[in-house]
Amino acid sequence: MHQPLALDKLTVPGFARVEVVETSPSTNAELAAAVRSDPAAWPAPAALIAEHQTAGKGRAGRSWEMPARAGLTVSVLLRPRVPAEALGWLPLLAGLAVVRAVSDGGVPAAVKWPNDVLLPAVDTVAGLGSYRKVAGILSEVVPEAPAAGRAAPAVVLGIGLNVSQSAAELPVPTATSLALAGHPRPDRTDVLVRLLGEVHAVVRRWEQAGGDVGAAGLLDEYTAVSSTLGTRVRAELAGGAGELEGVAVGLDESGALVVRLESGEERTVTAGDVWHLR
C-alpha cells in the first residue's frame, strides 16, 4: 500500500511555502490560480503537492496519471531573476534537478529533450531506446497584473515523478518507477525533499550567473546526463510543420535542440516530440 507524505519532514531550506493537499485536478492549474488571486500569499519559491492528482496535464495537453500516493505530483512557483529569453532553459534545468535528486539513490538517470527524465531498462522500446520514462516536466508562465516591486514573472514548474508504482500501475509500457528501477530508497517524502532542494540549488546557480547556463556550469552538467545529444533523432516540428531526422548535436542559447541533417544543414527544434532512433 502506498504511504502518505510525512508532513512533519517537509522542511525544505530556501522554500517560503510548501503545501500538501489530498486531491487536486491539476496542481499546476491550482497553483497558478492561487498566485493570480493572491500573489502575496505565495512568495517564491513555493510548492503545491497533491497526494492524488485527478486531471494532471503534460506537454501538448496530454494527461499525466498515477495512483494516489504512488508518485509525486508537485508544482513549484518560481520567479527566476534571469532575462526573459533565457526562460526556455527552465524545463531543461528542472530535468537536471530531477536527475540529481534520483541519482542520489544510485540510479543513473538521464534527460531526454525537452522535458522527460529517463531510467535505464533491460530492453529497448521505440523512441526511447534502452530507457523508460520516470518523470515529465511542464513549465508555464503565470500572467499577472503589474505590481510594484515584483522583479520577475511568476513561473509554475510542474513535475510528475513515478516513485513506488508496480508494473501493473503504470499507464504505458514505456514508463517506469524508481522502485521498479531498483532505487534503494524510494520513500516519497525523502525524494520530494531532495527534489525541491535540487530545483532550488539549480535555479539559484542559474540566477547568480545572470541566466547564462554556460557560465553557471549547468550546460556541461546537463550535457553529461543527456540521452538525446549525440543521438540520431526524428523530431516532430511544432505547429504541424512536419518532421526532420538527423543527429542532435547541441543546444542553442535558448535551450532549443540543434539537429544536423544528412545534408550537413543544421536545424533548430524549439518544440515538439523527439524520438531517439538508436
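The chain has the name biotin--[biotin carboxyl-carrier protein] ligase in an unreviewed UniProt entry, where Promicromonospora vindobonensis is given as its organism.

Novice: Residues and numbers for the environment of A241, please.
Specialist: Looking at the secondary structure, you find A241 in the loop between β10 (232-236) and β11 (243-251). For the pair A241 and H200, spaced 41 residues apart in sequence, the C-alpha to C-alpha distance is 36 Å.

Novice: Tell me about the side chain of D252, and name the residues and values.
Specialist: Considering the arrangement of structural elements, one finds D252 in the loop between β11 and β12 (257-260). Although D252 is buried, it forms no salt bridge, and the closest oppositely charged side chain is R267 at an N-O distance of 12 Å. Within polar-contact distance, the side chain of D252 engages the side chain of S254 at 2.8 Å. If we skip the residues at most four places from it in the chain, D252 touches W89, V258 and T268.

Novice: Could you give an account of the sheet that holds β11, with specific residues and numbers?
Specialist: Taken together, five strands build an open sheet; the order of strands is β13-β12-β11-β10-β14 and the sheet is antiparallel. In this open sheet, the two edge strands, each paired with only one partner strand, are β13 (266-269) and β14 (274-276). Each strand axis lies, on average, 45 degrees off the axis of its neighbour in the sheet, ignoring direction. In this sheet, β12 lies alongside β11 in antiparallel orientation, the contact comprising four bridges. The partner of L251 across the bridge, within β12, is L257.

Novice: An account of the sheet that holds strand β2 (residues 46-53) is needed here, citing residue identities and associated values.
Specialist: Taken in spatial order, the seven strands line up as β1-β2-β5-β9-β8-β7-β6 in an open sheet, and their pairing is mixed. The open sheet has two edge strands, β1 (17-24) and β6 (110-112), and neither has a second partner. Each strand of the sheet is rotated relative to its neighbour by a mean of 30 degrees, with strand direction disregarded. Across the sheet, helix α3 (residues 188-208) is in contact with β1, β2, β5 (71-78) and β9 (154-162); its angle to β5 comes to roughly 30 degrees.

Novice: Just give me the short version of the side chain of S75, but keep the residues and values in it.
Specialist: As for its position among the elements, S75 is in strand β5. You can call S75 buried: its relative accessible area is 0%. Here the side chain of S75 touches N28 through a polar contact of 2.4 Å, side chain to side chain. Not counting residues up to four positions away in its chain, the partners in contact with S75 are T27, N28, L31, A46, A47, L48, V156, L157 and G158.

How each quantity is defined
- Residues numbered from 1 in each chain as written.
- Predicted model: local features only at pLDDT ≥ 70, side-chain atom pairs only at ≥ 80, totals over all residues.
- Heavy atoms only, no water.
- Helix = DSSP H or I, 4+ residues; strand = E, 2+ residues; numbered from the N terminus.
- Buried < 20%, exposed > 50% of the residue type's maximum accessible area, 1.4 Å probe, protein only.
- Lys, Arg positive; Asp, Glu negative; His and termini not counted.
- Salt bridge = Lys/Arg side-chain N within 4 Å of Asp/Glu carboxyl O.
- Polar contact = N/O pair within 3.5 Å; in protein donor to acceptor, adjacent residues only side chain to side chain.
- Contact = heavy atoms within 4.5 Å.
- Pairing = 2+ DSSP bridges.
- Axes fitted to C-alpha atoms, helices over the stretch in contact; angles between N-to-C directions.

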